[in-house]
Amino acid sequence: MANFAPPFPLDSDSRRRGVDPQETEALFGRVLTYIYHALPNPPVYTFGDLCILFDDDGGGVDRLSLLPDKLLGNIISRLPVKDAARTAVLSRRWRPIWRATPLVLVDTHLLPASDDVIPEHLDRASSTAVADAVSAVLAAHPGPFSCVRLTCCYMDEHRAQVVRWLKDLAIKGGVKELFLINRPWPLEAKTPIPSTLFSMAELTCLYLGFWRFPDTAGLPRGAAFPRLRELCLCSVYIDKQDIEFVLSRSPVLEILSFEGLLLPLRLRLVSDSLRCLQVHGCKLDNITVADAPRLERLFLHTYEHEGLKNRIKIAHAPALRLFGNFELGKDELQIGNTIIKGRTGANPSVTIPSVMTLDVDVRFGVRNDTKMLPILLGCFPNVERLHIHSKNTTESTGRLNIKFWQESGAIKSVLSRIKLMAFHDFRCERNEIAFLKFIIESAPMLRTLLIVYANGYFGSTDEATSKSKALFAGKRANDRCLLAVCESEHGGGALWNFQNGSDFSCHNPFAVLQCSSFGVGHWYV
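These numbers come from a predicted model, not from an experiment.

> I'd like to hear about the packing of aromatic side chains, residue by residue, with values.
Applying the stated criterion to the full structure yields 12 aromatic pairs. Plain terms: the ring middles of Phe179 and Tyr207 are 5.0 Å apart, the flat faces sit at 35 degrees to each other, and that makes the pair tilted. Highlighted residues: Phe179 in strand S3 (residues 177-181) and Tyr207 in strand S4 (residues 205-209), separated in sequence by 28 residues. Residue Phe179 shares its accessibility class with Tyr207, and that shared class is buried. Ring geometry for Phe323 against Phe326: centres 6.1 Å apart, planes inclined by 45 degrees, an arrangement best described as tilted. Comparing Phe323 with Phe326 shows no difference in burial state: the two are buried. Joined through ring pairs, the aromatic side chains of Phe364, Phe423, Phe426, Phe435 and Tyr453 make up one cluster.

So this is what it looks like as structure tokens:
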């Protein structure tokens, strides 16, 4: 990184402000890493080989070419686009087949390395070479392209080509999955994406990165995504009214994800089809779930905007099963017309009884945050899987011992249902120990307690084991709880994976953990 020169020079304003080009490039690399992590794997891979079958006697008869056209087309559709084009030179028999086969266009396969890894750094010459190669592929093949994944081009530098790509894809039709990730420089992405996007009526999956969303007020009346089921916007400029337009014109949309938006997110969610909403690394103004009868999952990982609380209002979401990551002290929850505050008492009208899995951030060293935890848990009376993240803080406003938890009557009814609890980033602080001991004593249905130690906190398995077993000294609610202990590999937690979050067959996506090998142990206590 130290010897890497940015692909584009800084503008005069950045130079005047003394911006370090290498630091800026490092920031850009981190942002791209988050976005690339959000992308699903491409449907074709470079490690496959196209093998020709010969007779066992070594006669050299090409048996593969004897297969029906349909089977040969199926084979070609599973190849990287360069390999698919090369099949045309195998024999006269193959020449028309690749042109009649829907292809997958992944631009990393067009780089000299020709692999599946998206490069973090890309020089200007490589960007131009990729753009020219994409244009050549689209010109040579009549379509359709079932999946198009473009991540290796500074598209602002090739604006005319990008416009032409989208026109060609719209005309040729058949595009079901489109990934269009720009590489802007400077980092701000203010180039509007061509509105031709709305002409792709067969899209089922759309990922956009580093663009300004088109002004939907000027779109034709019939502009819509009639088959779109998944939409992910990464570092995109998009206004509230444009989000609402997309929701209203996407009648079967099930998964909506945001990654690092470049404007504070304001969202009023009204959708009869949406099942999963994921917001990661965004400034959040407010989210109102006004009417989402099928919404099952609401994942939030945001940060404060100018010291204001992130406001989440849930009005109508009767199918909601998973909710988190809610951060006490930073986020504000409103259920119906009631804002959940420290003096909010137990009230069946301000609960969300459908939620089974809950993920909460707590600063146990901050008294007001800790005192809010019982109130928040009381809003989710049927939680069976609870994830607590202990946030480190330099602010300390007092200690709360186990007596405080024992006197919090509302929390006991909640704990009577919990079967699994994961406590993340445990540092063996007194407030954490008091809470965990109370859980062990007060959760009769608890079958698994997972303690994930903060990264680098303990030096050996024996030390971690000793600290964990000490929690079970004294009174216990049951003797059937499995204790599992591991050390987190990530100082601040792993990157959120959109595919895990939207995998409806995974009942507890918060439990997808990466632990170091030294500290994994299980004990029945």
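Anyway, onward from the coordinates.
> Go over the environment of Gly324, please, and point to the residues and values.
Positionally, Gly324 belongs in strand S11 (residues 322-327). The class of Gly324 is buried, set by a relative accessible area of 2%. Separated by 26 residues in the primary sequence, Gly324 and Leu298 place their C-alpha atoms 6.6 Å from one another. With near-sequence residues (within four places) excluded, Gly324 lies in contact with Leu298, Phe299, Leu300, Asp359 and Phe510.

> Can you break down the environment of Met356 residue by residue, with the values?
Within the element layout of this structure, Met356 appears in the loop between strand S13 (338-339) and strand S14 (357-362). For the pair formed by Met356 and Leu320, sequence separation is 36 residues and the distance between their alpha carbons is 8.5 Å. When sequence neighbours within four positions are dropped, the list of residues in contact with Met356 reads Arg321, Asn382, Val383, Glu384 and Arg385.

> A description of the nonpolar core should follow, citing residues and the corresponding values.
In terms of nonpolar packing, the biggest core is built from 128 residues, with Phe258, Leu277 and Phe323 touching the most fellow members. Ignoring any residue separated from it by four or fewer positions in sequence, one finds Leu277 in contact with Leu256, Phe258, Leu267, Leu269, Ile287, Leu295, Arg297, Leu298 and Phe299. Counting 18 residues, the second-largest nonpolar core is a separate cluster that includes Val44, Val106, Ile181 and Tyr207.

> Talk me through the packing of helix H6 (residues 124-140) against helix H7 (residues 159-172); I want residue IDs and the actual numbers.
Between two packed helices, the angle of one axis relative to the other and the distance separating the axes together describe the packing. In contact at an axis separation of 10 Å, H6 and H7 are set at 25 degrees when each is read in the N-to-C sense. With respect to H7, the axis of H6 lies roughly parallel. Handedness of the crossing formed by H6 with H7: left-handed. Counted together, Ala131, Asp132, Val134, Ser135, Leu138 and Ala139 of H6 and Gln161, Trp165, Asp168, Leu169 and Lys172 of H7 form the full contact between these two elements. Its residues assigned to classes, the contact of H6 with H7 comprises six nonpolar, two polar and three charged.

> Tell me what's going on with the confidence of the model for the protein, and back it up with residues and numbers.
Of all residues in the protein, 81% have pLDDT values of 70 or greater, and the mean over the chain is 81. Low pLDDT, under 50, characterises residues 1-13; the predicted model gives this stretch 24 contacts beyond four residues in sequence or across chains. Across residues 513-525 the pLDDT falls below 50, and counting only partners more than four positions away or on other chains, this stretch makes 42 contacts in the model.

> Explain the pattern of salt bridges residue by residue, including any values.
This structure, assessed with the given rule, holds 13 salt bridges. A salt bridge links Glu157 to Arg124, with the shortest nitrogen-to-oxygen separation between them at 3.0 Å. Taken together, the residues span a long stretch of sequence, with Glu157 in the loop between strand S2 (145-150) and H7 and Arg124 in helix H6 at a distance of 33 residues. On the basis of relative accessibility, which here comes to 44%, the residue Glu157 falls in the partly exposed class. When the shortest N-O distance is used, the salt bridge between Glu384 and Lys419 registers 3.9 Å. Taken together, the positions of Glu384 in the loop between helix H9 (367-378) and strand S15 (385-390) and Lys419 in the loop between helix H11 (409-415) and strand S16 (420-426) put the pair 35 residues apart, joining distant regions of the chain. In the salt-bridge network here, residues are joined through shared partners; they are Arg229, Glu254, Arg275 and Glu296.

> Pulling in residues and values, what's your account of helix H8 (residues 240-248)?
Looking only at H8, the buried set comprises Asp242, Ile243, Phe245, Val246 and Leu247. Elements in contact with the buried residues of H8: strand S5 (230-234), strand S6 (255-259) and strand S7 (265-270).

> Account for unusual backbone geometry, naming residues and giving values.
Each neighbour pair has its own omega, and for Gly143 with Pro144 the value is 0 degrees, a cis peptide bond. The amide bond that connects Gly324 to the next residue, Asn325, takes the cis arrangement and shows omega of 0 degrees. For Asn325, the position within the fold is in strand S11. Although it is not a glycine, Asp425 sits at a positive phi angle of roughly 60 degrees. Classification of Asp425 as buried rests on a relative accessible area of 17%. Within the chain, Cys428 stands out as a residue other than glycine whose phi angle is a positive 65 degrees. Examined against the element boundaries, Cys428 turns out to sit in the loop between S16 and helix H12 (430-442).

What counts as what
- Residues numbered from 1 in each chain as written.
- Predicted model: local features only at pLDDT ≥ 70, side-chain atom pairs only at ≥ 80, totals over all residues.
- Heavy atoms only, no water.
- Phe/Tyr/Trp six-rings, centres within 6.5 Å; stacked < 30°, edge-to-face > 60°.
- Helix = DSSP H or I, 4+ residues; strand = E, 2+ residues; numbered from the N terminus.
- Buried < 20%, exposed > 50% of the residue type's maximum accessible area, 1.4 Å probe, protein only.
- Contact = heavy atoms within 4.5 Å.
- Core = buried A, V, L, I, M, F, W, Y, C linked by side-chain atoms within 4.5 Å.
- Axes fitted to C-alpha atoms, helices over the stretch in contact; angles between N-to-C directions.
- Parallel < 35°, antiparallel > 145°, perpendicular 65-115°, else oblique.
- Left-handed = near helix turned anticlockwise from the far one by under 90°.
- Nonpolar A, V, L, I, M, F, W, Y, C, P; charged D, E, K, R; others polar.
- pLDDT = per-residue confidence, 0-100.
- Salt bridge = Lys/Arg side-chain N within 4 Å of Asp/Glu carboxyl O.

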